[in-house]
Amino acid sequence: MAVAYMRKLEEEPETYDSKFSSLTKGVNVNVHDWVLDQIQSDQSILEIGSGTGSLASKMVSKGNIVVAIDNNIQMINYAKQKYSDNLENGALLYRLGSFTDLPVEDRSLDLIVSTFLLSEIRPLEQQIFLRNVWKALKPKGRLILAAEFVPSGFWKVSFKIRRWWFKKKLHRLRLKSTFLVKWFFNYIEPIGFKIGNQKKWKHGSIQAIELLKINNNGEDEPDYYRPKTKKFKGLVSQLRIYRCLFTGQIDRVPIEPGIYKSGNPGSNSPIIVTANYEYTYIKLMRDLQCIDAWVLCLDSNGINVWCAARGDDFGNKQLLEAIEATDVRVVSEKKTLILPQLSAGGVAIPQLPEKFPFKVKYGPVWSKDLNQFLSERPVRKPDSMKLAKFTLLHRIRAGITHTTFLFRKIFLIPIIAILLSFIALNNVAIIWWLGELVLWIVLSNVIISIFFPLSKFTRKFIAKAVFFGCFSIFFIGAISWIFHSSYLYLLLNFAIYFWITFFSTMSFSGYTMSTSPKEIQAEYPFFRKINLTLIILVVILLGINIIFFMLNIIN
Amino acid sequence: MKMTESNQNSCCSDGTDTVQNILNVLDIRILINEPLCTGCGLCAEICPFGLPKPSDNGKYEIKNPELCTECSACQRNCPTHAIIMKEHVGCGCLWDSRQRVKSKGNSCNCS
């Protein structure tokens, strides 16, 4: 929701406080007051993510010693300037720093405060945050957090709508949105905290929580959190597969990142690393057939391995973060991580830090070969394990995902517009035409996904698109002839068949794996011109179609 | 097309410029710097299109460089940095390209 917009405000420290207050409708002030109410005097406090430094200075006024850190140097400089009076007596210190490496000694603090930081950090980072805080706190220390959470029930809907609105706004400004704090409450107890006081504002969309440090294991170390086993067999998981298949190109479907178990893994079982896309997880677990293995799902943001690796969502950063946040170092004596081969486009083994505790090995491309890979451990993988072939089965799945993408993102609004205009014109025959249009879109994608290898003669996607466009004039034209047996109808519509298939082929480029981003980016401006010309032609033909329908010349 | 490419590069002055120039001159996307190659074969294990192939002297060479998608998997994992290529950010998706072509027009995003 509103907090998603923080990223924009952080660019200007001078106006951050007032603008953030108006964003949260003043709740942030209430949050600060509540936090201050929980604090007595004479405590050593660390504030993580201090921003403009106002809360830190108020805590000092209550007679505490405060170290405030933020990873934004502008914010730190601004705070130092604004609260320079407080700095002199040594009770307040502003420093550049982050939760990943707290600038304090272990077991040295009474209290750690952090407001509106959680939605800036990713799930595994939240676990690292909690663990580092635990280490820095004295045995009976406290953590006071405030953050934006997803409210429950009816309010969830309005929350999601408002968040979607802010995300659109940020997208236009080319800024990344903050993260949704989804699973945070799961981490609290396993890592070693107990919820104390709690206060909710705005139906629970903003909450402040007091967490009390407890010692779970008596070892003076925080524990690790491990997500609950996720089912990968049965009807529900099959429905989840379909959900991913039908929304693939648009929706991210993340599962909780962390360690999962295949079979009953022990200290001698291999460690397999993969993405946290639900489809990837279910497929991988099914293909492993319950052999004993640890499965480490990195936080790839709910994206499949290949796309995540090419888009900075599956790389060294995510790998290192997962190694730090989870107990993967201790669950197995095996010191080799098996990564999917397609993640090599994002992971860089030579760039890993020297003290990286594992050897990294790239496994097969497809998870179906994983069992064979694990049992044979080939030094050189056979071609079947390492080549990304775009087989008929892959093409059919890609075709399904692509068709739903086209309907949702490209053709939905035109179809509704045509439908409304047809209703306004009160002509049933034209509704049939619309039905045919939907059929042509589906057929285009069937043609592309089945016959894609025929276009191997060229690597230029525009050439492929023209090839399939011509193909569909004949193919769809033939079907259309069965319906109408009219040359006039074909004449009016052949350009529409061509355009639909031309456009679909271009849009299909992302699925083939062998498309080069450089080539397609170079082709894009030319594609745009052709596409615009075709759209104008299609709209004109559509108009003539409607006139002919109205005059009952064709039916 | 080459003209526009060198224009785009003129605003980013990092070491990859030389790499790009070499590749432009040779009119090739990717090649293995033979003296640096140790013949470990990791690139051949990683490439999803099987382009690196062992040559007669025990080292590797890229067969069919025109099929390379510049995904950089081999380059970023090569232990001796023997692979010469320029990584191209983005995936092969038209809609990703659209976004990147658009943002290129606004500013130089080669940080």
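Coordinates for the structure precede this section.
Rules and cut-offs
Residues numbered from 1 in each chain as written. Chains lettered and ligands numbered in written order. Predicted model: local features only at pLDDT ≥ 70, side-chain atom pairs only at ≥ 80, totals over all residues. Pairing = 2+ DSSP bridges. Helix = DSSP H or I, 4+ residues; strand = E, 2+ residues; numbered from the N terminus. Axes fitted to C-alpha atoms, helices over the stretch in contact; angles between N-to-C directions. Contact = placed C-beta atoms within 7 Å. Nonpolar A, V, L, I, M, F, W, Y, C, P; charged D, E, K, R; others polar. Buried ≥ 20, exposed ≤ 12 C-beta atoms within 10 Å, placed from the backbone. Right-handed = clockwise from strand over helix to strand, strands pointing away.

A. Just the sheet that holds strand 11 (residues 336-339) of chain A, in detail. Residue and element names in this part refer to chain A. Spatial ordering of the open sheet is given by 8-10-9-11-12, a layout of five strands whose pairing is mixed. The open sheet has two edge strands with one neighbour each: strand 8 (258-262) and strand 12 (359-362). Averaged over all adjacent pairs, the angle separating strand axes in this sheet is 30°, with direction ignored. Where strand 9 (residues 271-274) lies against strand 10 (residues 293-297), four bridges are found, and the strand directions are parallel. Bridge pairing in strand 10 links T274 to C297. Sheet contacts for helix 11 (residues 278-288): strand 8, strand 9 and strand 10; angle to strand 10, the most-contacted strand, approximately 170°.

B. Examining the interface of chain B and chain A more closely. In this assembly, 27 residues from chain B lie in contact with 35 residues from chain A. Examining the composition of the side of chain B that touches chain A, we find that seven residues originate from one element, helix 5 (residues 94-106) of chain B, more than from any other. The residue inventory of the side of chain B that touches chain A, partitioned by class, reads eleven nonpolar, ten polar and six charged.

C. Region of the structure containing the sheet that holds strand 5 (residues 137-148) of chain A. Residue and element names in this part refer to chain A. As summarised here, the arrangement of the seven strands in space is 3-2-1-4-5-7-6, forming an open sheet in which the pairing is mixed. The open sheet has two edge strands, strand 3 (92-96) and strand 6 (193-201), and neither has a second partner. The average undirected angle you get between the axes of adjacent strands in this sheet is 15°. In this sheet, strand 2 (residues 65-70) lies alongside strand 1 (residues 44-48) in parallel orientation, the contact comprising five bridges.

D. Quick look at the pairing of strand 4 (residues 109-115) of chain A. Residues and elements named next belong to chain A. Along strand 4, six of the seven residues are buried, which leaves the element largely enclosed by surrounding structure. Bridging between strand 1 and strand 4 involves three bridges; their strand directions are parallel. In the sheet register, I45 faces strand 4, and the bridge partner there is L111. With helix 7 (residues 123-136) bridging strand 4 and its parallel neighbour strand 5, the resulting β-α-β unit is right-handed.

E. Structural view of unusual backbone geometry. In this structure, D312 of chain A takes a positive phi of about 65° despite not being glycine. Looking at the secondary structure, you find D312 of chain A in the loop between helix 12 (305-310) and helix 13 (316-325). For D312 of chain A, a count of 13 C-beta atoms within 10 Å translates into the label partly exposed. Not every positive phi belongs to a glycine, and H81 of chain B is a case in point at roughly 50°. For H81 of chain B, the location among the structural elements is in the loop between helix 4 (73-77) and strand 4 (83-85). Looking at H81 of chain B, the number of C-beta atoms within 10 Å reads 11, which means it is exposed.

F. Up close: the pairing of strand 2 of chain A. Residues and elements named next belong to chain A. Where burial is concerned, most of strand 2 is hidden: five out of the six residues are buried. Regarding the hand of the β-α-β motif, the stretch spanning strand 1, helix 4 (residues 54-61) and strand 2 is right-handed. Strand direction decides the pairing type here: strand 2 and strand 3, joined by five bridges, are parallel. By the bridge assignment for strand 3, V67 is matched with L93.

Don't take any of this as a statement about function, it's just geometry.
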